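The chain contents come next:
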Amino acid sequence: GDEKLAAERPFNATKALEYGEAAYTPHPGETHAAPTPIATASTSTETIASEKVGDGQPDIGDNAINRPLDRVRVDDTARELTTDQGVPVADNQNSLKAGLRGPTLMEDFILREKITHFDHERIPERVVHARGSAAHGYFESYEDLRAITRAAPFAAKGKRTPVFVRFSTVAGERGSADTVRDVRGFAVKFYTDDGNWDLVGNNMPVFFIQDVMKFPDLIHSVKPEPHNGMPQAASAHDTFWDFASLSPEIAHMLMWHTSDRAIPRSYRTMQGFGVHTFRLVNASGEWVFCKFHWTPLAGTYSLVWDEAARLTGADPDFHRRDLWEAIDSGQFPEWELGLQIFTEEQAAQFPFDVLDPTKIVPEEMVALRTVGKLVLDRNPDNFFAETEQVAFCAAHVVPGIDFTNDPLLQGRIHSYIDTQISRLGGANFHEIPINTPVAQIHNNQRDGIHRQQINRGRVSYEPNSLAGGCPFQAGVRGFVSVPEPSQGNEVRGKPELFADHYSQARLFWISQSMTEQRHIIGAFRFELTRVQTPAIRRRTLALLANIDSGLAGAVADGLGMEVPPPLPPATDRPAYDYPPSPALSLFARPGNAGIRTRRVALLVAAGVDGVQVRKLYAALLEQGAVPRLVGQKIGALTSYTDAPLDVEISLETGPSVLWDGVIVPDCADARDALSRDASALEFVKLQYRHGKPLLALGSGGELLKAAKIPRKLSHGVPDPGVIVAEPGDVAEALERFRSVLGQHRVYARETDPARV
Ligand code: HDE
């Protein structure tokens, strides 16, 4: 048995004690602690090969970063239970006592080790972005970009660089819900040949504030209020809007924050942005400005607010589960990296300052150049070791990438390292496996808590002669900062152009579709209705009046207020009149995913047409959708045409908001069962209210009737997403259903207030 087991188990040459044959036949007295080095071109850590990784082309699913991590991956299959010192444990059920009815003994070192470890299992959560989910993958460059940058990931067409990507919300605590209204973090760690590059971005291209000095104030205002610890993971409260309405530089970001960008359907369907202007530098030291954009190939899709709010209860892990399941089922999420590249001379002509993080460079001014693809193809093995312990840092750049004087970015260069030291407990957080570069580390930094590296030799200083001068300076191969001319006297202040707070907020507003504008108005109404202090509502309206009178009027109307006079602007410069930017609409990127990964509920009851259900199920599955049988309870269900069906999910555990569309199949006697079940009625009503496609076949139409689902839009045109068909027309009806499902939502159905 042991032999067969050994043959089946994964072999890891760097962990002879854990894997492979040696694990089963340890010779008494022999130590396996120093495995024989295996030097192949693709082995990647110095412990097993002194060669630097460099071909950069791991196979799909076999990222270079996974190989060094094998050193620390543990598999308990067929192993004995031990203490942390490796001592086999005989009894894991009972503590050591002085007599069966006696007190537990101090001597029980096994118990004490176990409890002590448990007592210290938690570490502080991130001060912002505490809740997140991550995955492994790779970045593949579409071209050789060496003329523009010497950053290693862009050195050759087709070159692959391993990455670890973490998505997050900002305000909520570690255990809060995924679908709250918030910015999403989009942090990418590239394990490049020249060290780690972290592109720590967000899903919105601008930020709330212009200077790092205001960051603690911003975060204090949005976090739960300090006296009563409420509300969790929400900006809809007085302190946030108090701060916001007193900080007009926030105007542009408020437009993004109240838009559907703040409630993505999935991490897989949102854009990512580097936000700040960076620099790309080539080997000759020539540089250009650059903005980074991640564009999801599956398109940009969001939830609607009523749905997002209900999802926080139905599945607080909605985005985490979605990412996990997509990768697990081989539907690897993909984004393309677009660069906006421009020169200093071009930047000087822009009607805004490129150092101002509340401004975008409209894509119509500088087009995106698509230079590569990000693919996430592997879930982490362990949430704590990887997702929780990963330390992103805005200061982690590599040769070829450089900062600018954006006053927000300048502050971030400090904050991220500093915060890891308290969160991860010391200066050696870079040695935690998920943070360790694939490139080698050689320097004279030494010691500190939990040091892993065992540095050899007597020299830990430079210059030295005793170690032949090693490690030596890399010279031109190393990181060289772009020489920056001095900007003048030390001052606290901002450039004049930073004071144009409204032109781009207006640009965003006029670039939105009517649907998106409606949602923004609704979001302001929701947030400000939650605000209790009338003066804060008023001040916010005065701010909005500077963006667009229609917007301010509609929000005021929702609050039963008049629009007050606009806040006095911070500059005498006239607002800049941007033409609309179509790229700012979510609808500009429909994506290529069709119905792949879309969740479809087949609502079934006893007596359903089993043959039809099986066909529908198979057809959806074949197109990459995720069909599930949802019924009043799980388990076997009689069918009038076929063998019994197996209901997978109950209405109670799989409510409407978890599904992108619903099919109600034909049924011999379901008419009453579902039509009299308030949960089933609510299910289809909410599908309707949230703009999702509903397909009813034969008697399935009765449920829609009972729920009073209108077949026509409010202006009399048939609703393309309410499809009622005879059982004979399944193929054609399913095709219509699929087409609407692939387009995400029938927003034309929306009314305010909702009809159903
Ligand atoms: Fe962050 N931010 N931030 N931030 N940020 C952190 O670092 C900070 C800002 C972003 O998945 C912290 O490790 C300051 C902009 C992401 O682990 C902390 C300022 C952008 C993540 C920190 C900003 C971001 C963080 C907290 C104002 C988009 C999560 C825990 C100057 C470009 C990374 C940590 C992950 C996390 C500081 C503003 C993105 C405290 C001082 C702008 C995606 O260091």
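Please read these numbers as outputs of a predicted model, since none were measured by experiment.

Undergrad: Looking at this structure, how should I read the overall build of the protein?
TA: Looking only at helices and strands, the protein has 20 helices and 18 strands in total. For 756 residues, the compact-globule estimate of 2.2 N^0.38 gives 27 Å, and the C-alpha radius of gyration of the protein, at 29 Å, lies within 12% of that figure. Taking the principal axes of its C-alpha atoms as reference, the protein extends roughly 85 × 75 × 60 Å. The burial tally for the protein puts 44% of its 756 residues in the buried class. In the protein, the proportion of contacts linking residues at least 24 apart, taken out of those at least 6 apart, comes to 73%.

Undergrad: Would you explain the UniProt feature "domain: Catalase core" (unreviewed entry) in the protein in this entry?
TA: Mapped onto the present numbering, the UniProt feature "domain: Catalase core" (unreviewed entry) falls on residues 82-470. The span residues 82-470 shows a helical share of 22% and a strand share of 19%, and its end C-alpha atoms are spaced 41 Å apart.

Undergrad: Even after reading the chapter, I still don't get the environment of S141, so can you show me in this structure?
TA: Inspection of the secondary structure puts S141 in strand β1 (residues 132-141). Here the alpha-carbon distance between S141 and D548, two residues 407 residues apart in the chain, equals 42 Å. Apart from the residues within four sequence positions on either side, S141 is in contact with P153, F154, A156, K157, G158, K159, V371 and G372.

Undergrad: Got a minute to help me understand the site of the ligand in this structure?
TA: Around the ligand, a shell composed of 24 residues is seen, among which R126, H129, R166, G185 and V275 lie nearest. For the shell around the ligand, the secondary-structure elements that each account for two or more residues are β2 (160-169), β3 (184-192), β4 (195-202) and α11 (407-423). Here the shell around the ligand gets six residues from one element, more than from any other, and that element is α11.

Undergrad: Explain the pairing of strand β17 (residues 694-697) to me, please; I cannot follow it from the model alone.
TA: For a regular strand, the rule is simple: side chains alternate between the two faces of the sheet. Residues of β17 alternate between two faces, with L694 and A696 on one and L695 and L697 on the opposite face, all of them buried. Where β17 and strand β18 (residues 722-725) come together, four bridges link them in parallel fashion. When the bridges of β18 are listed, A696 appears paired with V724. For the crossover from β17 across helix α19 (residues 701-706) to β18, the handedness is right-handed.

Undergrad: So what exactly am I meant to see when it comes to α11 here?
TA: Residues separated by three or four positions in an α-helix point in the same direction, a consequence of the helix having 3.6 residues per turn. An ideal rise of 1.5 Å per residue puts 24 Å on 17 residues; α11 measures up with 25 Å between its terminal C-alpha atoms. Along α11, the helix axis deviates most sharply at I413, where the bend reaches about 25°. Looking only at α11, the buried set comprises P407, L408, L409 and Q420. Looking one or two places after α11, you find G425, whose phi comes out positive at around 90°.

Undergrad: Honestly, the sheet that holds β17 in this entry has me stumped. Any pointers?
TA: Where strands meet in a sheet, backbone hydrogen bonds hold them as pairs that are either parallel or antiparallel. The parallel open sheet is built from six strands, whose spatial order is β15-β12-β11-β16-β17-β18. The strands lining the two open edges of the sheet, one partner per strand, are β15 (649-650) and β18. Direction of pairing for strand β11 (residues 599-603) relative to strand β16 (residues 661-664): parallel, over a ladder of three bridges. Paired with L602 across the bridge in β16 is I663. Contacts from helix α16 (residues 610-622) reach β11, β12 (626-631), β16 and β17, with the element oriented near 180° to β11.

Undergrad: Explain the UniProt feature "active site" (unreviewed entry) in the protein here, please?
TA: Cross-referencing UniProt, the feature "active site" (unreviewed entry) maps to H129 and N202 in the present numbering. On the basis of their most widely separated C-alpha atoms, the annotated residues across 74 residues gather in one place, lying no more than 10.5 Å apart. As for its placement among the helices and strands, H129 is situated in the loop between α3 (109-119) and β1. Among the residues examined, H129 registers 22 C-beta atoms within 10 Å and is labelled buried. Once residues lying within four places of it in the same chain are set aside, the contact partners of H129 are S168, V170 and G185. As for its position among the elements, N202 is in strand β4. Here N202 is in contact with V183, R184, G185, F186, F273 and V275, once residues within four sequence places are set aside.

Analysis parameters
- Residues numbered from 1 in each chain as written.
- Predicted model: local features only at pLDDT ≥ 70, side-chain atom pairs only at ≥ 80, totals over all residues.
- Helix = DSSP H or I, 4+ residues; strand = E, 2+ residues; numbered from the N terminus.
- Rg over C-alpha atoms; globule rule 2.2 N^0.38 Å.
- Buried ≥ 20, exposed ≤ 12 C-beta atoms within 10 Å, placed from the backbone.
- Contact = placed C-beta atoms within 7 Å.
- UniProt positions renumbered as here; feature names shortened; annotations may be inferred.
- Near = placed C-beta within 6 Å.
- Pairing = 2+ DSSP bridges.
- Right-handed = clockwise from strand over helix to strand, strands pointing away.
- Expected span 1.5 Å × (residues − 1).
- Bend = angle between axes of the 7 residues up to and from the residue.
- Axes fitted to C-alpha atoms, helices over the stretch in contact; angles between N-to-C directions.

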